[in-house]
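What follows is the residue order along each chain.
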Amino acid sequence: MALADAKAGRRNEAGIAAVVGILKQAFGERFQTGESFRAQHAHTTTYIPAQLPDGVIFAETSEDVQTVVRACAEHKVPIIAFGTGSSLEGQVNAPQGGISIDFSRMNRVLEVNAEDLDCTVEPGVTREQLNTYLRDTGLFFPIDPGANASIGGMASTRASGTNAVRYGTMKDNVLAVTAVTANGEEIRTARRAKKSSAGYDLTRLFVGAEGTLGVLTSVTLRLQGIPQKIAGGACVFPSVKAACDAVIMTIQMGIPVARIELLDAVQMRACNLHSGLTFDEQPTLFLEFHGTDETVALQSAQFGEIAAECGGGKFLWTANLEERNRLWKARHDAYWAARALAPELAALSTDVCVPISRLAECVVATQADIEEHGLLAPIVGHAGDGNFHVLALFDDKTPQGIAVIEAFVARLNARALAMDGTCTGEHGVGQGKMSFLEDELGGAVDLMRQVKQALDPDAIFNPGKIFHAN
């Protein structure tokens, strides 16, 4: 991450003024230009400075979105889509100013096809809202990034989370999208069929594009049946390497674990303090199994044997809903628990992902780096995917403090790339990881620029994200 990548771009003052006037007349109170509204829509959960849009439109229909895009396209004004503001790499910032489209009012579940295990929702629907809606159907949407993110935002950043080891990421669970493109028209990228050989895979192109190619107006999702039995638990290990080795063996043996999360000793201390847990302050795996009574019991027993072989303690598991919820609430609150270790410091949450066989090596080397440089940086990870996060706590008030943490993030990304990994498993690129994307993909980034130029010739969609224009 580098603040240099979050630089402000050239503003089109005349175009912005024209669009602000058009939208005020078209939408009245649904278009706001007050500083408090604009500041809320430039929120970033990193140390990247907020860059405010010039106005916020609360869209209610796809026709509203088309109206905004057409006005902005005519006057060459940037458009930034906004879901819940939970992105971590500055994706909702407006480095050139422009218009933020808030999707919180486009939050309708449009269609549920229970027999086909799919549904279509507007982009402002949150994952918790969707699963509450689906509860009586016996189905659920499995992607769980931790935050109660919007489906549109999750699709745009190609999110994943704790369940990805079994159910995949957003790219595996989005069947189709509708999107408004640069000419103000709405397109549909696919039908609901489970597979298709019809033309380019435009769905995958928009999933993960971070709003740089168009604005999503609906998302069609793959659903899963609620498991008959869910059991979860935790197991303490003597070292991070031992815990990672247990993860690797579990995945390589084909045990269909639904969640397998790694928390290092520092993170466990934070969770104990914040969530009232009583675990030893050692590296710990949180796990969950989905299936029938018999399969869940078998899988839990198999993991217990693996844990013992790797030097772990007794695997304590339960099917009790209240106990499981308490455990996973603590896991989802890991960010806030870590922040509470040093509330006077700023926090930078960053992630990398490596092939599962290199996970132990990468995490251990990262811990050594943290210790060598005297950093306070808990580690937590979706270990079954080879994906882990580091929450670095640091002094953001001094250039030295920022330089130290940026150097650490650079080393972390270089380490992951050297192991044939990626600079981001699920946070996305945004502003924060543009330089690392170049290191990861080289000339392929130029091809991305060509796609961007073809679909968005005036660069109105979320400019200053993923890569710099040539």
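Residues numbered from 1 in each chain as written. Predicted model: local features only at pLDDT ≥ 70, side-chain atom pairs only at ≥ 80, totals over all residues. Heavy atoms only, no water.

Some words on the sheet that holds strand 2 (residues 55–58)
Picture the strands of a sheet paired through backbone hydrogen bonds; they go either parallel or antiparallel. If you walk across this open sheet you meet the four strands as 1-2-4-3, and the pairing is mixed. Only two strands of the sheet have a single neighbouring strand rather than two, namely strand 1 (31–32) and strand 3 (79–82). Judged from the two bridges that link them, strand 1 and strand 2 form a sheet pairing that is antiparallel. Each residue of the ladder has a partner; that of glutamine 32, found in strand 2, is valine 56. Helix 3 (residues 62–75) rests against strand 2, strand 3 and strand 4 (99–102) of the sheet, and its axis sits at about 170° to strand 4. (Pairing = 2+ DSSP bridges. Helix = DSSP H or I, 4+ residues; strand = E, 2+ residues; numbered from the N terminus. Contact = heavy atoms within 4.5 Å. Axes fitted to C-alpha atoms, helices over the stretch in contact; angles between N-to-C directions.)

Comments concerning the sheet that holds strand 5 (residues 109–113)
Strand order in the open sheet formed by five strands is 5-6-10-8-9, with antiparallel pairing between adjacent strands. Each edge of the open sheet is held by one strand with a lone partner, namely strand 5 and strand 9 (186–188). Looking at each pair of strands side by side, their axes are set apart by 15° on average, direction ignored. Here helix 3 sits on the sheet and contacts strand 8 (174–180), strand 9 and strand 10 (215–222); the angle it forms with strand 10, its principal contact strand, is near 140°. The sheet strands contacting helix 4 (residues 127–134) are strand 5, strand 6 (118–121) and strand 10, and the helix crosses strand 5 at an angle near 50°.

Some details on helix 1 (residues 13–27)
The terminal C-alpha atoms of helix 1, which comprises 15 residues, lie 21 Å apart, in line with the 21 Å expected from a rise of 1.5 Å per residue. Within helix 1, the full set of buried residues consists of Gly15, Ile16, Val19, Val20, Leu23 and Phe27. Taken around the axis of helix 1, the buried residues stretch over an arc of 135°, which confines them to a single face. Counted as exposed and oriented over 90 degrees from the buried face of helix 1: Ala14, Ala17 and Gln25. Of the surrounding elements, those touching the buried residues of helix 1 are strand 1, strand 2, helix 3 and strand 4. Positive phi appears at glycine 28, one or two residues downstream of helix 1, with a value of about 55°. (Expected span 1.5 Å × (residues − 1). Buried < 20%, exposed > 50% of the residue type's maximum accessible area, 1.4 Å probe, protein only. Arc of directions from axis to C-beta.)

Some remarks on the packing of aromatic side chains
Counted under the stated rule, the structure contains seven aromatic pairs. Ring geometry for tyrosine 335 against tryptophan 336: centres 4.8 Å apart, planes inclined by 90°, an arrangement best described as edge-to-face. Each member of the aromatic cluster is reached from another via a ring pair, and the members are Phe279, Phe286 and Trp328. Here the basic side chain of arginine 259 rests over the ring of tryptophan 328, its NZ or CZ set 4.6 Å away from the ring centre. (Phe/Tyr/Trp six-rings, centres within 6.5 Å; stacked < 30°, edge-to-face > 60°. Lys NZ or Arg CZ within 6 Å of the ring centre and 35° of its normal.)

Observations regarding a nonpolar patch on the surface
On the surface, Tyr200, Leu202, Leu205 and Leu455 cluster together into a nonpolar patch covering about 390 Å² of accessible area. As for its position among the elements, leucine 455 is in helix 17 (residues 444–455). (Patch = residues over 30% accessible without salt bridge, like charges linked within 9 Å, V, L, I, M, F, W, Y side chains within 5 Å. Areas by Shrake-Rupley, 256 points an atom, 1.4 Å probe, with all protein chains shown as cover. Salt bridge = Lys/Arg side-chain N within 4 Å of Asp/Glu carboxyl O.)

Concerning the side chain of serine 87
Mapped onto the elements, serine 87 comes out in the loop between strand 3 and strand 4. On the accessibility criterion, serine 87 (16% relative accessible area) is buried.

A few points about the packing of helix 15 (residues 399–418) against helix 16 (residues 434–441)
The contact between helix 15 and helix 16 brings their axes to 11 Å, and the two run at 20°. It follows from the interaxial angle that helix 15 and helix 16 lie roughly parallel. Our pair here, helix 15 against helix 16, has a crossing hand that is right-handed. Note on element contacts: helix 16 touches helix 15 through Phe436, Asp439 and Glu440, opposite Val409, Ala410, Asn413 and Leu417. (Parallel < 35°, antiparallel > 145°, perpendicular 65-115°, else oblique. Left-handed = near helix turned anticlockwise from the far one by under 90°.)

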